Amino acid sequence: MDKQYSIREVSAKFNLPASTLRYYEEVGILTDIPRNSSGKRIYLEKHINRLKTICCFKNTGMSIAQLQEFFQYEQQEPSHIDDILKLLTNQKNHILAQLAKMQHDYKHIQKKLAYYQAMKTAVDNHIALPNWQDFKCDN
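**Q** Could you give an account of the overall build of the protein chain, naming the residues involved and the relevant values?
**A** Counting secondary structure elements, the protein chain contains 5 helices and 0 strands. Written out in order from the N terminus, the α and β elements of the protein chain read α-α-α-α-α. Its C-alpha atoms give the protein chain a radius of gyration of 24 Å, clearly above 14 Å, the size a compact globule of 139 residues would have. A principal-axis box enclosing the C-alpha atoms of the protein chain has dimensions of 75 × 40 × 25 Å. The buried share of the protein chain, taken over its 139 residues, is 27%. Counting contacts in the protein chain only where the partners sit at least 6 residues apart, residues at least 24 apart contribute 47% of the total. Of the roughly 9800 Å² that the protein chain leaves accessible, carbon and sulfur atoms contribute 52%.

Quick look at the structure:
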């Protein structure tokens, strides 16, 4: 039998408020959650796996509408394979653009850090301050 999780356990496991889990159920991206005799939700491994996918996709910037679309397509994968591939390819391209922007921003932070480290060295050693133009990023 599958391990069972309470809403509190799932909330802690994914660092999500219980209200978010209920919202995911309400919008149809977390489905088929049984209840115990007192009406409390019982999450199973399939829900944990679905939440891993939801969190992964959300972390890449996928919207709730896109998640709904994906999981709707997934119900009939063979007949929606082109739709699934298009959605995931678009998301991959979105991630690649984010990564490129982050790389650019990371380089800028590195140059700023080098500049301020050089400034600290200059101040500590009572020498001329560095010139930002020597560190500046190319845009």
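**Q** So, the packing of helix α3 (residues 45-59) against helix α4 (residues 64-74): which residues are in play, and what are the values?
**A** Relative orientation of the contacting elements α3 and α4 amounts to 135°, with a least axis distance of 10 Å. With respect to α4, the axis of α3 lies oblique. Crossing hand, α3 versus α4: right-handed. Along the contact surface, α3 presents R50, T53, I54, F57 and K58, while α4 presents I64, L67, F70, F71 and E74. Taken together, the residues that form the contact of α3 with α4 break down as 6 nonpolar, 1 polar and 3 charged.

**Q** Would you mind going over the packing of α4 against helix α5 (residues 81-124) in detail, with residue names and values included?
**A** Running from N to C, α4 and α5 point in directions that differ by 150°, and their axes come no closer than 9 Å. Note that α4 runs across α5; the crossing there is left-handed. From α4, Q66, E69, F70, Y73 and E74 reach across to α5, where they touch D83, I84, L87, L88 and Q91. A per-class count over the contact of α4 with α5 returns 5 nonpolar, 2 polar and 3 charged.

**Q** Describe the pattern of salt bridges, listing the residues and the values that go with them.
**A** Any two side chains of opposite charge can pair if their charged atoms end up close together. Scanning all chains against the criterion turns up 5 salt bridges. With a closest N to O distance of 4.0 Å, E74 and R50 form a salt bridge. Of this pair, E74 sits in helix α4 while R50 sits in helix α3, and the two are 24 residues apart along the sequence. Each of E25, R35 and R41 takes part in a single network of salt bridges with overlapping partners.

**Q** Quick rundown of the nonpolar core? Include the residues and the values.
**A** V10, Y24, L51 and L67 are the most contacted members of the largest nonpolar core, which totals 23 residues. Of all the elements in the fold, those that place two or more residues in this core are α1 (7-14), α2 (18-26), α3, α4 and α5. If near-sequence neighbours (up to four positions away) are discounted, V10 is found in contact with Y5, L21, Y43, I48 and L51.

Conventions used here
Residues numbered from 1 in each chain as written. Predicted model: local features only at pLDDT ≥ 70, side-chain atom pairs only at ≥ 80, totals over all residues. Heavy atoms only, no water. Helix = DSSP H or I, 4+ residues; strand = E, 2+ residues; numbered from the N terminus. Rg over C-alpha atoms; globule rule 2.2 N^0.38 Å. Buried < 20%, exposed > 50% of the residue type's maximum accessible area, 1.4 Å probe, protein only. Contact = heavy atoms within 4.5 Å. Areas by Shrake-Rupley, 256 points an atom, 1.4 Å probe, with all protein chains shown as cover. Axes fitted to C-alpha atoms, helices over the stretch in contact; angles between N-to-C directions. Parallel < 35°, antiparallel > 145°, perpendicular 65-115°, else oblique. Left-handed = near helix turned anticlockwise from the far one by under 90°. Nonpolar A, V, L, I, M, F, W, Y, C, P; charged D, E, K, R; others polar. Salt bridge = Lys/Arg side-chain N within 4 Å of Asp/Glu carboxyl O. Core = buried A, V, L, I, M, F, W, Y, C linked by side-chain atoms within 4.5 Å.

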